[in-house]
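# Observations on the model geometry
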Amino acid sequence: MMRHLRRSACKAYRKMSLKWHPDRNPKNKELAEEKFDELLKAYEVLKNEKKKKEYDAKLQVQREREAKWEAANAEIRAMREKLEKREREADELRRAKRQKLDEKKLAEKNSKHKVLQECMREILEEEHEKTGLSVSIGPKRIILQQIQ
């Protein structure tokens, strides 16, 4: 099995090295040199068993680190979503309390207004009885008329 992997790696290296050799890519020489160097380094790692194990160990550590960060990020996202939900609920609660308070103030204002209107009617009725003037109460004014 190991021999088969080495052969296939060697075969793939040869094929890719021919494709990316700088002499075969004169128009794009810089990119070809970069790719060719990467291929050479990769092949040297795959060829040397000790380097391959070191590389695999580094990859494993990197994967574990990424998994750890992903878990931490997921936890942070969950905490953020929970906090945002609590903030929305608190905002809704504040809005509801503010609305109830506004309704209560309006009801008190209307109640006081009605009490004042009743007092005014009583006073005006008394005045009517004394003076004989007809009294009408409009939304913003009081109208006095002489009854004949």
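Going by the structure above, here's the rest.
Here's a quick rundown of the structure.

Parameters and conventions
Residues numbered from 1 in each chain as written. Predicted model: local features only at pLDDT ≥ 70, side-chain atom pairs only at ≥ 80, totals over all residues. Heavy atoms only, no water. Helix = DSSP H or I, 4+ residues; strand = E, 2+ residues; numbered from the N terminus. Contact = heavy atoms within 4.5 Å. Salt bridge = Lys/Arg side-chain N within 4 Å of Asp/Glu carboxyl O. Buried < 20%, exposed > 50% of the residue type's maximum accessible area, 1.4 Å probe, protein only.

## Digging into the side chain of Ser-17
In this structure, Ser-17 sits in helix α1 (residues 2-20). Other than its neighbours up to four places away in sequence, Ser-17 contacts Phe-36 and Leu-39.

## Remarks on the pattern of salt bridges
Side-chain pairs of opposite charge can arise where the charged atoms are in close proximity. Applying the stated criterion to the full structure yields three salt bridges. Linking Lys-52 and Asp-56 is a salt bridge whose minimum nitrogen-to-oxygen distance equals 3.3 Å. Residue Lys-52 and its partner Asp-56 are located together in helix α3 (residues 49-131), separated by four residues, close to a single helical turn. Judged by its relative accessible area of 36%, Asp-56 is partly exposed. Two residues, Glu-70 and Arg-77, come together in a salt bridge whose shortest N-O distance is 3.3 Å. Residue class for Glu-70 comes out partly exposed when judged on its relative accessible area of 45%.

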